[in-house]
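Close look at the chain arrangement
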Amino acid sequence: MPQILPDFSNSVKLKYVKLGYQYLVNHILYLLLVPIMVAILIEVLRLGPYEILNLWKSLHFDLVQILCSSFLIIFIATVYFMSKPRHVYLVDYACYKPPVTCRVPFATFMEHSRLILKNNPKSVEFQMRILERSGLGEETCLPPAIHYIPPTPTMEAARGEAELVIFSAMDSLLQKTGLKPKDIDILIVNCSLFSPTPSLSAMLINQYKLRSNIKSFNLSGMGCSAGLISIDLARDLLQVHPNSNAVVVSTEIITPNYYQGNERAMLLPNCLFRMGGAAILLSNRRRNRSRAKYRLVHVVRTHKGADDKAYRCVFEEEDKEGKVGISLSKDLMAIAGEALKSNITTIGPLVLPASEQLLFLMTLIGRKIFNPKWKPYIPDFKQAFEHFCIHAGGRAVIDELQKNLQLSAEHVEASRMTLHRFGNTSSSSLWYEMSYIEEKGRMKKGDRVWQIAFGSGFKCNSAVWKCNKTIKTTTDNPWSDCIDRYPVHIPEIVKL
Amino acid sequence: MTSEMITYICKRTVVSTKPAQAGKCNPLSVFDRLMEKNHIRIVYYFPSTRNGEPGVVTKKLRESLSHVLTCFPIVTGRLQKKDDGHWMIKCNDAGVRMVEARAQGSVEEWLKNVNRDKELMLVTWEDMFHKPYFWATFYVQLTEFEEGGLAIGFSCSHLLADPTSATMFVKAWADTTLAGTMLAPPFFHPLPPPRLGNKNPNHNPYTDLINHYKSTIDDRSPAFTNNITNYVTATLAFSGPMVQACMLDTSRPSPFEAMAGLLWVCVSKVKGMKQGLISMSICLDMRKQLGLDKGFFGNCLVYNKVHHAESLLDKSELSEAARAVGESVTKMNNERIMDLIEWLEHHDYEFPPLMNGHDLICANLEDLDPYATLFEEGFVPIRVSYYVEPVFGIGQILVLQSPPSEGPLSRMVMVTLPADELSKLCDDDLILRFNPTILMG
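Okay, so let's go over this structure. (Residues numbered from 1 in each chain as written. Chains lettered and ligands numbered in written order. Predicted model: local features only at pLDDT ≥ 70, side-chain atom pairs only at ≥ 80, totals over all residues. Heavy atoms only, no water.)

Concerning the overall build of chain B
- From N to C terminus, chain B includes 14 helices and 16 strands.
- In terms of overall dimensions, chain B is globule-like: its C-alpha atoms have a radius of gyration of 22 Å, near the 22 Å expected for 441 residues.
- For chain B, the proportion of its 441 residues judged to be buried stands at 59%.
- Long-range contacts, defined as pairs at least 24 residues apart, comprise 80% of the intrachain contacts of chain B with a sequence gap of at least 6.
- Here chain B has roughly 18400 Å² of accessible surface; of this, 53% comes from carbon and sulfur atoms. (Helix = DSSP H or I, 4+ residues; strand = E, 2+ residues; numbered from the N terminus. Rg over C-alpha atoms; globule rule 2.2 N^0.38 Å. Buried < 20%, exposed > 50% of the residue type's maximum accessible area, 1.4 Å probe, protein only. Contact = heavy atoms within 4.5 Å. Areas by Shrake-Rupley, 256 points an atom, 1.4 Å probe, with all protein chains shown as cover.)

Next up, the structure:
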């Protein structure tokens, strides 16, 4: 989808024209206001103070009128301030760092694959090709149960992994924020593929002895974009409950979902999904305003499930041998592109500066009235955001979004490096990416961050955060021991 | 009965904590390549520790193994053939296989009733796959005894390590578990290169050593296809004073020569030799002779045939045997080994030989120091057993160190012979003169 303007954008003159246009349209109000104020000032100076006093006396106000007007003003002001949505602050978040002993190098993964799929060399070959092109590194981690030959994905092992990941992330969050477990008012846990009874949120309540009147929710089955759905839910709840803390835990438990059959479309998740989790503290308390890292500005959710193809594109089902796995359809990328377009159409007017919106509107009108052959204008989102966190679903997803949104390599660096170091950790990958940007020292006060996630259904969800204070680098985060090695160059194909 | 005593819990792969440098390859030396058909198995027995919980020790050891593997990229690599057809290790980080098991009873009880077959159950091993690139070359088995104690079974392909290197690896693992650092880091470098220039034109390479290797390589006899012999292993412990007495009898200054001589005579007798001795080769570690660091990781064992004078009076057969062994040992010096290396570099062979396939092999493993392997402060191994498999031909004798509580001169000898011959050996008069304690067999 290329630009509609003729391609002499290389010309320097055009660049300045563009800059001038943007400045003009984005600051139109100020530009119009300044001459008006100057005119009024000149008029006032011309009239002189006595004239103004006479003007004032000629307006007869009696007491009733003054009282009514003041009450009206106070009433309108109160209604305005009461109905303003409460600001939701992200105080801090913690990502889970898997132990080094859970590391899975490519060679080990392939050997295990070979030993388990002894009778299907073609499937092993397929997995090898996927792994070579996946963009993953040699330090991604799988849970202990998957290291066994053959893997033992029992419920006990799944619970063990859940406890390990969630409790570590939670402990880290409590330590970072100084939050006491008794102060948690809302708890939301999302984990798509593992949903035991009692739920994972109950597991947390049991472990940390949370209050009995806590509002807890457990979202399952909602795919990789469930993290942002949980944030949306937390935000809505924080509008209803004043002065509250909400903890959101996003994770994906790999153990029960290791596909042990040999259907190719279902082997793909085995190669990409890795262990990870994140715990986030959101709050609407005023005292957190100064120490919060971010403020939540918008959450936009788009669901394409009404379309059959979109609905079936990520589908959990049994293969011919009765083994359950998640099948990814071939038109996944195309559907993701469609969902993204929908999401952008909604989020664009909320975040884009006036200059871009005007251009888009003009092109739309032009296409409708003058010439339908004009290519649609893709707004430049780089003007609306400083940082992008694209869900590290796979190399293809990041490539596709980079192309569609015309992002530079530096904008997608956080996503690519997270994919390399941690693999596809599903809903928590957005938080690893945020952490990367922070640890690189790039997050300054006032920066706007756009988090985009895709998930089964097919959903595309976005969240927009505004940085509240410049964030200093720390040592208690998952990137602390390797941030200096990044960014690395990730070759197209890694020879195994 | 034995299969009920040990329950296997799981098998997994342990990898290093830091990724290996991509694309690194290590070629194997000439000594390495000769040992393709063999593998080593070592069993360490540790007494009960304070940690009563089952599985805690295993977890700790698994984590420290991950840490130590970072310094041994060869151990986690895989075999691949170079363009010239020779083996090399591709350091691809694939890891070592680990098996966890649990056994009934305590370590002490087990040691009272153990035999070769039972002991080998404590060490897991898989023969080379058809596609060696996916075959793990190192295996570890951790067996926790329910009533106390731990057995660590370590096995590896002889292509990559000899008993000295294997012991060094386990010691490095123990050091890492105990203190977090290794006391003797490993060295991975090739054997010394051939000397250039200044060669004496009249220099006569020591043809005996080379001939021995040549005949072993050319030997395609059915010795190693005929595998129906039932070999049994016995562990004989000779106390310090007894070893000293043997040394005095044979008037040899080294315990190895005395022990080797003694066993040579006794094994010849049980094999039915009325006069003279059966053919024997000794196997020695040549690190010192080649000027290599003790941390040299790889094969450095050289085999040499022992020649003895025929027709002697019976009484001094023992001293003659020991003398012959001593002579063979002295003959293995730097110059001759370098000649051997040169010869091996220039002579390719189609099929790898079986170095221990024909003669009686007597290997000197006295200096390995396995009892310094401490995983926990103050817990010295009760016993360490070595096996070089597979055993073919006449048999095998390994002369090992004894636990330090027995004294510096005491020795443990592991003898592997066909079952009937071994029982005769243990009843032999000459052996019984030195009063060995039969620990196993």
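Topic: the environment of Y371 of chain B
All names here are of chain B.
- Here Y371 shows up in the loop between β12 (360-365) and β13 (383-389).
- In this structure, the C-alpha to C-alpha distance between Y371 and T167, residues 204 residues apart in sequence, is 9.8 Å.
- Once residues within four sequence positions are removed from consideration, Y371 is found in contact with V380, P381, I382, R383, V384, Q401, S402, P403, P404 and M412.

Things to note about helix α6 (residues 121-132) of chain A
Residues and elements named next belong to chain A.
- With 12 residues, α6 extends 16 Å from end C-alpha to end C-alpha; this agrees with the ideal 16 Å at 1.5 Å per step.
- Burial in α6 covers these residues: S123, V124, F126, Q127, M128, I130, L131 and E132.
- Taken together, the buried residues of α6 touch α5 (106-116) and α11 (264-272). (Expected span 1.5 Å × (residues − 1).)

A closer look at the pattern of salt bridges
- For the structure on display, the rule yields 41 salt bridges over all chains.
- In this structure, R97 of chain B and E111 of chain A form a salt bridge, with 2.5 Å as the shortest nitrogen-oxygen distance. In this pair, R97 of chain B sits in strand β6 (residues 96-103) while E111 of chain A sits in helix α5, so the two residues belong to two different chains.
- Linking R485 of chain A and E139 of chain A is a salt bridge whose minimum nitrogen-to-oxygen distance equals 2.9 Å. Taken together, the residues R485 of chain A in the segment after β11 (459-467) and E139 of chain A in the loop between α6 and α7 (144-147) connect sequence positions 346 residues apart. (Salt bridge = Lys/Arg side-chain N within 4 Å of Asp/Glu carboxyl O.)

Let's talk about a nonpolar patch on the surface
Residues and elements named next belong to chain A.
- Among the surface-exposed residues, L358, F360, L361, M362, L364, I365, I369, F370 and W374 lie close enough to one another that they form a single nonpolar patch of about 880 Å² accessible area.
- Assignment of secondary structure puts L361 in helix α14 (residues 354-369).
- Given a relative accessible area of 43%, L361 falls into the partly exposed group. (Patch = residues over 30% accessible without salt bridge, like charges linked within 9 Å, V, L, I, M, F, W, Y side chains within 5 Å.)

Structural notes on the sheet that holds β13 of chain B
Residue and element names in this part refer to chain B.
- Read from one edge of the open sheet, 6 strands run β1-β6-β7-β8-β3-β13, paired in mixed fashion. At either end of the open sheet lies a strand with only one pairing partner, and these are β1 (6-14) and β13. Each strand axis lies, on average, 15 degrees off the axis of its neighbour in the sheet, ignoring direction. (Pairing = 2+ DSSP bridges. Axes fitted to C-alpha atoms, helices over the stretch in contact; angles between N-to-C directions.)

Observations concerning the side chain of S328 of chain B
Residues and elements named next belong to chain B.
- Mapped onto the elements, S328 comes out in helix α11 (residues 317-331).
- Owing to a relative accessible area of 5%, S328 belongs among the buried residues under this scheme.
- Excluding residues within four positions of it along the chain, S328 makes contact with I282, N304, K305 and V306.

A closer look at empty space enclosed by the protein
All names here are of chain A.
- Enumeration over the complete set of coordinates arrives at 7 cavities of 30 Å³ or more.
- For the lining of the largest cavity, the elements supplying multiple residues, two or more each, are α11 and β8 (324-328).
- A per-element tally of the lining of the largest cavity places α11 first, with 3 residues.
- Residue composition of the lining of the largest cavity, grouped by class: 10 nonpolar, 3 polar and 1 charged. (1 Å grid on protein atoms, 1.4 Å probe; cavity = no way out; pocket = protein on both sides within 12 Å on 5 of 7 lines; lining within 4 Å. Points joined across faces, edges and corners; volume = space filled by probe spheres on them. Nonpolar A, V, L, I, M, F, W, Y, C, P; charged D, E, K, R; others polar.)

A closer look at the nonpolar core
- Counting 141 residues, the largest nonpolar core has F31, L65, F169, W173, Y213, W264 and L290 of chain B as its most contacted members.
- If you tally residues by element for this core, the top one is helix α10 (residues 255-270) of chain B, at 11 residues.
- Excluding residues within four positions of it along the chain, W264 of chain B makes contact with L277, I278, M280, V306, H308, A321, A324, V325 and L360 of chain B.
- Of all hydrophobic cores here, the second largest spans 75 residues; its members include V91, L173, L281 and Y436 of chain A. (Core = buried A, V, L, I, M, F, W, Y, C linked by side-chain atoms within 4.5 Å.)

Function cannot be inferred from these measures alone, as they are strictly geometric.
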